[in-house]
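Okay, here's what each chain looks like letter by letter:
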Amino acid sequence: MKTLMALAVAVLFLFPAWVLAAPAKPALEVVVLGSGGPRAFGRAGSSYIVLVGGKPRILVDAGPGAFLRIGELGLDLDKVDTVLLTHLHIDHSGDLAAFFNARALTSEGPIAYRVFGPDGAGLFPKTSEFVDLLVGKDGAFAYQKTFGAQESFLVRDLAISLNSTRMKITDEDGLVVEEIATHHGDCPSVAYRITYRGVAVVFSGDMDASALPNLVKLAKNADLLIFNCAVLDPPGSPSQLYDLHTPPRKIGEAAHESGVKSLLLSHLAPDVEGQKAAVRHSIRASYAGPVTFASDKLHVPVGK
Ligand SMILES: [Zn+2]
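What counts, and at which threshold
Sequence order as written defines the numbering, with residues in each chain counted from 1. Totals for whole chains, interfaces and linings use every residue, but because this is a predicted model, local features are given only for residues with pLDDT of at least 70 and side-chain atom pairs only at 80 or more, for both listing and counting. Processing note: side-chain calculations cover all non-hydrogen atoms of the structure and skip hydrogens and water entirely. Numbering of helices and strands runs from the N terminus, with a helix taken as a DSSP run of H or I at least four residues long and a strand as a DSSP run of E at least two residues long. Pairs of residues are marked as contacts when any of their non-hydrogen atoms sit within 4.5 Å. What we call a nonpolar core is a set of buried Ala, Val, Leu, Ile, Met, Phe, Trp, Tyr and Cys residues that are connected through their side-chain atoms within 4.5 Å. Three labels apply to residues, based on accessible area from a 1.4 Å probe with only protein chains included: buried if under 20% of the type maximum, exposed if over 50%, partly exposed otherwise in between. Whether two strands pair depends on DSSP finding at least two bridges between them. All axes here are fitted lines through C-alpha atoms, helices being fitted over the stretch that makes contact, and every angle between N-to-C directions spans 0 to 180 degrees.

For the rest of this paragraph, the subject is the environment of Gly42. Within the fold, Gly42 resides in the loop between strand 1 (28-34) and strand 2 (47-52). Put simply, Gly42 and Ala98 are 56 residues apart on the chain and 19 Å apart in space, counted from C-alpha to C-alpha. Leave out the neighbours within four places in its chain, and Gly42 touches Arg69 and Asp296.

This is the structure in structure tokens:
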């Protein structure tokens with residue numbers, strides 16, 4: 001026993017520090033803030049924080065409850081200056097002003113936001129108008145721009161026609177964000193791909209099956225595809241929902257066709273939550289990779 005103890009002490013003192021150092025941070029990690037949709041049943045609305053090299057950097061959607069989850073997780077928002085909005089339904093954007101509020105109150109200096117989201121159509125404003133309606137000069141929360149920190153907003157409205165091509169929207173220090181138009185009923189929508197140090201994560205946002213060819217293009221060989229799973233296979237959900245959302249069988253087909261290495265199902269509806277085995281079975285018909293159901297506050301390292 002004494003010999004063993006002596007050996008352990010010798011190992012601790014003689015080995016170089018790097019041997020005992022903590023494992024390297026994953027290139028990308030996704031923290032699920034909200035894994036639900038528009039129904040209030042205990043999950044926050046859709047929202048994620050993406051950690052780049054271990055540091056929170058990107059907010060993807062800001063559904064109701066994101067603010068609370070950020071606080072519960074003690075996330076450091078100091079470098080979160082990029083916001084990617086898949087679309088402007090309330091369950092994806094209702095906490096955006098609250099996020100700006102939370103971020104400003106932990107900031108040491110001015111904040112220069114870059115916000116990306118879809119162009120407008122019908123009842124939906126373009127993203128630049130939406131941000132203006134919140135925190136612009138005549139916005140509902142105009143005070144926010146100087147509350148806690150000086151804020152500036154560079155907002156880019158993204159093309160929403162399904163004919164649009166896959167576009168690179170940022171490329172800095174190896175961190176690349178790309179997007180492509182999707183389709184979500186009458187609500188303009190886009191999907192995003194984030195790549196860093198050779199690993200990639202794709203966010204489908206809410207989309208109906210008419211946008212799958214675009215999604216497959218964007219998700220090609222990604223390490224993780226986060227697909228919003230809000231309906232059961234037909235006829236399990238109300239028929240009008242299939243004009244808004246992609247059913248599990250088709251999600252499985254898209255995951256297979258794009259060659260993604262893993263699948264995280266999020267934006268879960270109560271009936272999907274109640275029938276996880278059937279949903280998994282539908283996806284397994286085409287896709288053999290790992291399938292996980294999201295929950296609020298889940299940490300998901302991407303790739304390797
Ligand atoms: Zn939604």
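Moving on, we come to unusual backbone geometry. For the bond from Pro234 to Pro235, the omega torsion is 5°, close enough to zero to count as cis. Relative to the assigned elements, Pro235 resides in the loop between strand 11 (224-228) and helix 8 (248-258). The phi dihedral of Arg197 is positive, around 45°, even though this residue is not glycine. Locating Arg197 in the fold gives a position in the loop between strand 9 (190-196) and strand 10 (199-203). The residue His267 is not glycine, and still its phi comes out positive at about 50°. Along the chain, His267 turns up in the loop between strand 12 (263-266) and helix 9 (270-273).

Leu215, Leu225, Phe227, Leu263, Leu265, Val279 and Ile283 are the most contacted members of the largest nonpolar core, which has 30 residues in total. Secondary-structure elements contributing two or more residues to this core are strand 10, helix 7 (212-219), strand 11, helix 8, strand 12, helix 10 (276-284) and strand 13 (291-293). In terms of residue count, the dominant contributor to this core is helix 7 (five residues). For Leu215, the residues in contact, after removing those within four places along its chain, are Ala191, Val202, Ser204, Met207, Leu225 and Phe227. In this structure, Leu51, Leu75, Val83 and Ala149 belong to the second largest nonpolar core, which totals 29 residues.

Looking now at helix 5 (residues 96-104). For helix 5, the tally of buried residues reaches eight of nine residues, placing the bulk of the element in the interior. Taken together, the buried positions of helix 5 are occupied by Leu96, Ala97, Phe99, Phe100, Asn101, Ala102, Arg103 and Ala104.

Time to look at the sheet that holds strand 3 (residues 55-62). Pairing within the open sheet is mixed, and its seven strands lie in the order 6-5-4-3-2-1-14. The open sheet terminates on both sides in strands that have one partner only, identified here as strand 6 (151-158) and strand 14 (299-301). Within this sheet the neighbouring strands show an average axis-to-axis angle of 20°, counted without direction. Inspection of the sheet shows strand 3 paired to strand 4 (residues 82-84) by three bridges, in the parallel sense. Looking at strand 4, one finds that Ile58 is bridged to Thr82. In this fold helix 3 (residues 66-73) packs onto strand 1, strand 2, strand 3 and strand 14, with an angle of close to 125° to the strand it touches most, strand 1. Of the strands in this sheet, strand 3, strand 4, strand 5 (111-118) and strand 6 touch helix 5, which is tilted by about 160° from strand 5.

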